[in-house]
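# Chains, contacts and geometry: an overview
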Amino acid sequence: MQRLLFTPLTAFLGSPCLRLLVPRVAPRTQCGCSCGIRRPLRPGQYSTISDVALQPGRSTVSLPSKAAERVVGRWLLVCSGTVAGAVILGGVTRLTESGLSMVDWHLIKEMKPPTSKEEWEAEFQKYQQFPEFKILNHDMTLAEFKFIWYMEYSHRMWGRLVGLAYILPAAYFWKKGWLTRGLKGRVLALCGLVCFQGLLGWYMVKSGLEEKPDSHDIPRVSQYRLAAHLGSALVLYCASLWTSLSLLLPQHKLTETRQLLRLRRFAHGTAGLVFLTALSGAFVAGLDAGLVYNSFPKMGESWIPEDLFTFSPLLRNVFENPTMVQFDHRVLGIASVTAVTVLYFLSRRIPLPRRTKIAATTLLALAYTQNMAE
């Protein structure tokens, strides 16, 4: 009988489970003598994660780990891919002149496209009330309208997919405790930027639906709002990709030499220049400035056109004069390619990791491919 009672009791007293139930005390402090003083922990202070888990009202706590970081990093990598897809689809929508085919905006209601002939005719009649149909597409058929409507519809639905790809996993990872304190701030900023991007898209489209009695020009969205819409998408893409790669790829520890610091500063400047070039491209698209001069490297018969400063005040020419906007975009494009080339040769003079050298070579190839495509 004693063996039946005391053997399990002895095993339980020596097990790790009991140590979770016993109040912890602080470790011995060094006092300069052979004795040790134990200090009790303050109320609310726990020595291990197990102590936290056993408190009333607390569930099992999951600390961020390398595995969790990899999952979050892959999620953000996928998110950056969806943003890139949205930018590409937005470009196609712009090229097919489909952006003004949907004349209202509803978060949930517009997710269901028209199905019957009556619904399509009602949607077409709404489009006929706005300047683009009256001035540009007054002879458009219902079949042609369906094409541009579905192009804009695809872009909007993809935008909603991007929003869900950010917000739903973010809420799940937050609840699971897989986000560090610093990462929580980044994820909140990314989710907020996604919502802002959607509102900015409708704000841009709305500018192309407004009646302008004093203008007989082709209806188009504001080039300022178009540049803001594209710029915020690029910021969202870069921030997501940067955060993803910082979680997935090990960080190289390099000696901070003068050459490395110079390369890093030049890389930051090159990134800013490329971003500025992309924004100038939005102004070119918004004003259809690419149609003004179709020759390169000269613009017409001269290197510098005579109508660069036809608007008053002079600053308006930078943003509203199609000739100046195209001229600026050409200059910025050449400057970006030059900067990327210099960056590549600077990177070859410094002992860098193989991954960095591959990135520099890829960047150079993309820059020249982009330049030739234009």
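Rules used in this analysis
- Residues numbered from 1 in each chain as written.
- Predicted model: local features only at pLDDT ≥ 70, side-chain atom pairs only at ≥ 80, totals over all residues.
- Heavy atoms only, no water.
- UniProt positions renumbered as here; feature names shortened; annotations may be inferred.
- Phe/Tyr/Trp six-rings, centres within 6.5 Å; stacked < 30°, edge-to-face > 60°.
- Buried < 20%, exposed > 50% of the residue type's maximum accessible area, 1.4 Å probe, protein only.
- Helix = DSSP H or I, 4+ residues; strand = E, 2+ residues; numbered from the N terminus.
- Core = buried A, V, L, I, M, F, W, Y, C linked by side-chain atoms within 4.5 Å.
- Contact = heavy atoms within 4.5 Å.
- Salt bridge = Lys/Arg side-chain N within 4 Å of Asp/Glu carboxyl O.
- Axes fitted to C-alpha atoms, helices over the stretch in contact; angles between N-to-C directions.
- Parallel < 35°, antiparallel > 145°, perpendicular 65-115°, else oblique.
- Left-handed = near helix turned anticlockwise from the far one by under 90°.
- Nonpolar A, V, L, I, M, F, W, Y, C, P; charged D, E, K, R; others polar.

Named according to an unreviewed UniProt entry, the chain is Cytochrome c oxidase assembly homolog COX15 originating from Bos taurus. In UniProt, the chain has this text filed under Pathway (unreviewed entry): "Porphyrin-containing compound metabolism; heme A biosynthesis; heme A from heme O: step 1/1." In its Subcellular location (unreviewed entry) section, the UniProt record describing the chain reads: "Membrane".

## Comments concerning the packing of aromatic side chains
Scanning the entire structure with this criterion turns up 18 aromatic pairs. Ring centres of Tyr127 and Phe133 lie 6.0 Å apart, and the angle between their planes is 70 degrees; on these two criteria the pair is classed as edge-to-face. The exposure class of Tyr127 is buried, given its relative accessible area of 1%. With a relative accessible area of 12%, Phe133 lands in the buried category.

## Let's talk about the UniProt feature "transmembrane region" (unreviewed entry) in the chain
As recorded in UniProt, the sites labelled "transmembrane region" (unreviewed entry) are residues 157-175, 187-205, 225-249, 270-293 and 329-347. Across residues 270-293 one finds 75% helix and 0% strand; the C-alpha atoms that close the span lie 27 Å apart.

## Quick notes on the nonpolar core
Grouped together as the largest cluster of nonpolar side chains are 25 residues, with contacts concentrated most on Phe124, Tyr127, Met140, Phe145, Trp149 and Val325. Secondary-structure elements contributing two or more residues to this core are helix H5 (117-127), helix H7 (142-176), helix H8 (181-208), helix H9 (223-248) and helix H10 (258-287). Considering every element that reaches this core, the biggest residue donor is H7, with five residues. Excluding residues that lie within four positions of it along the chain, Phe124 makes contacts with Phe133, Met140, Thr141, Leu142 and Phe145. Ranked by size, the runner-up nonpolar core spans 21 residues in total, among them Val83, Phe173, Leu183 and Leu236.

## Description of the pattern of salt bridges
Side chains bearing opposite charge may pair, as long as their charged atoms lie close to each other. Applying the stated criterion across every chain, the model contains nine salt bridges. The partner of Asp288 in a salt bridge is Arg220, and the shortest N-O contact between them spans 2.8 Å. Within this pair, whereas Asp288 is found in the loop between H10 and helix H11 (315-320), its partner Arg220 is found in the loop between H8 and H9, the two being separated by 68 residues in sequence. Judged by its relative accessible area of 16%, Arg220 is buried. A cluster of three or more residues bridged by salt bridges with shared partners is formed by Arg94, Arg220 and Asp288.

## Focus: unusual backbone geometry
Residues Phe296 and Pro297 are joined by a peptide bond in cis, for which omega reads 5 degrees. Cis geometry marks the peptide bond from Ser312 to Pro313, where omega comes out at 0 degrees. As for its placement among the helices and strands, Pro313 is situated in the loop between H10 and H11. The phi torsion at Glu97 lies on the positive side, around 55 degrees, for a residue other than glycine. Among the structural elements, Glu97 can be located in the loop between helix H4 (66-95) and H5. In this structure, Asp288 is a non-glycine residue whose phi angle is positive, near 50 degrees.

## Section: the packing of H10 against helix H12 (residues 322-348)
Contact geometry of H10 with H12 gives a least axis separation of 9 Å together with a crossing angle of 155 degrees. When the interaxial angle is binned, H10 and H12 end up roughly antiparallel. The two elements H10 and H12 cross, and the hand of that crossing is left-handed. Split by residue class, the contact of H10 with H12 holds 18 nonpolar, nine polar and no charged.

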